[in-house]
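The lines below spell out each chain.
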Amino acid sequence: QVQLVESGGGLVQAGGSLRLSCAASGRTFTSYTMGWFRQAPGKEREIVAAISRNGGTTYYTNSVKGRFTISRDNAQNTVYLQMNSLKPEDTAVYYCAASRGYTVLERAYDYWGQGTQVTVSS
């Protein structure tokens, strides 16, 4: 089992920044690809970014490229999502998740955090 706890969400004005953190406990953190997903009201959950086990490979959905950065600190069992130039359409509940393989498919992620709300005002 892997337990994931997100933090860092909040209310920010458009153009602002937030950094989300996801602390992992349980089995070896380095065994897992980590992903950030989000779900906006009335929409399906979508992947935002993913990072491989050693941090060498990353993925970003098109809408966040150049604005968001995913990173991980394997010594601290933590994955981060730095979000800059935030837009109202980034408003969503953000979830971190862990997968045994490198994937962007939601169904392949085995463990999920409880989510943290990000609200961007215009």
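The structure under discussion appears in the preceding block.
This text gives an overview of the structure that appears in the document. (Residues numbered from 1 in each chain as written. Predicted model: local features only at pLDDT ≥ 70, side-chain atom pairs only at ≥ 80, totals over all residues. Heavy atoms only, no water.)

A few words on the pattern of salt bridges. Under the criterion given, the structure shown has five salt bridges. Ionic pairing is found between Glu46 and Arg38, a salt bridge with its closest N-O pair at 2.7 Å. A relative accessible area of 33% places Glu46 in the partly exposed class. Residue Glu106 pairs with Arg45 through a salt bridge whose shortest N-O separation is 2.9 Å. Residue Glu106 is found in the loop between β9 (92–99) and β10 (111–112), and its partner Arg45 is found in the loop between β4 (33–39) and β5 (46–51); the two are separated by 61 residues along the sequence. (Salt bridge = Lys/Arg side-chain N within 4 Å of Asp/Glu carboxyl O. Buried < 20%, exposed > 50% of the residue type's maximum accessible area, 1.4 Å probe, protein only. Helix = DSSP H or I, 4+ residues; strand = E, 2+ residues; numbered from the N terminus.)

We now examine the side chain of Thr61. Tracing the backbone through its elements, the reader meets Thr61 in the loop between β6 (58–60) and β7 (68–73). Contact partners of Thr61, with chain neighbours within four places excluded, come to Ile47 and Val48. (Contact = heavy atoms within 4.5 Å.)

Our next topic: the side chain of Thr116. Tracing the sequence through the fold places Thr116 in strand β11 (residues 116–121). Residue classification places Thr116 among the buried residues on the basis of a relative accessible area of 11%. A polar side-chain atom of Thr116 sits 3.3 Å from the main-chain amide nitrogen of Gly9. Among all residues touching Thr116, those that are not within four sequence positions of it are Glu6, Ser7, Gly8, Gly9, Leu20, Ala92, Val93 and Tyr94. (Polar contact = N/O pair within 3.5 Å; in protein donor to acceptor, adjacent residues only side chain to side chain.)

All right, on to the layout of surface pockets then. There is about 170 Å³ of room inside the largest pocket. Lining the largest pocket are 13 residues, with Arg38, Ala40, Lys43, Glu46 and Glu89 positioned closest to its centre. Classifying every residue of the lining of the largest pocket gives two nonpolar, three polar and eight charged. (1 Å grid on protein atoms, 1.4 Å probe; cavity = no way out; pocket = protein on both sides within 12 Å on 5 of 7 lines; lining within 4 Å. Points joined across faces, edges and corners; volume = space filled by probe spheres on them. Nonpolar A, V, L, I, M, F, W, Y, C, P; charged D, E, K, R; others polar.)

Further remarks concern the nonpolar core. Among the nonpolar cores identified, the biggest contains 30 residues, and Leu4, Met34, Trp36, Leu81, Met83 and Tyr94 are the most heavily contacted of them. Those elements giving two or more residues to this core turn out to be β1 (2–7), β3 (18–26), β4, β5, β7, β8 (78–83), β9 and β11. The residues touching Leu81, leaving out its near neighbours within four places in the chain, are Leu18, Arg19, Leu20, Trp36, Val48, Ala49, Phe68, Thr69, Ile70 and Tyr94. Counting five residues, the second-largest nonpolar core is a separate cluster that includes Phe37, Ile47, Ala50 and Tyr109. (Core = buried A, V, L, I, M, F, W, Y, C linked by side-chain atoms within 4.5 Å.)

Strands sit in the order β1-β3-β8-β7 across an open sheet of four strands; the sheet is antiparallel. The open sheet has two free edges, formed respectively by β1 and β7, since each of these has just one partner strand. Direction aside, the axes of adjacent strands within the sheet are offset by 15° on average. In this sheet, β8 lies alongside β7 in antiparallel orientation, the contact comprising six bridges. Across the sheet, Phe68 pairs through a bridge with Met83, a residue of β8. (Pairing = 2+ DSSP bridges. Axes fitted to C-alpha atoms, helices over the stretch in contact; angles between N-to-C directions.)

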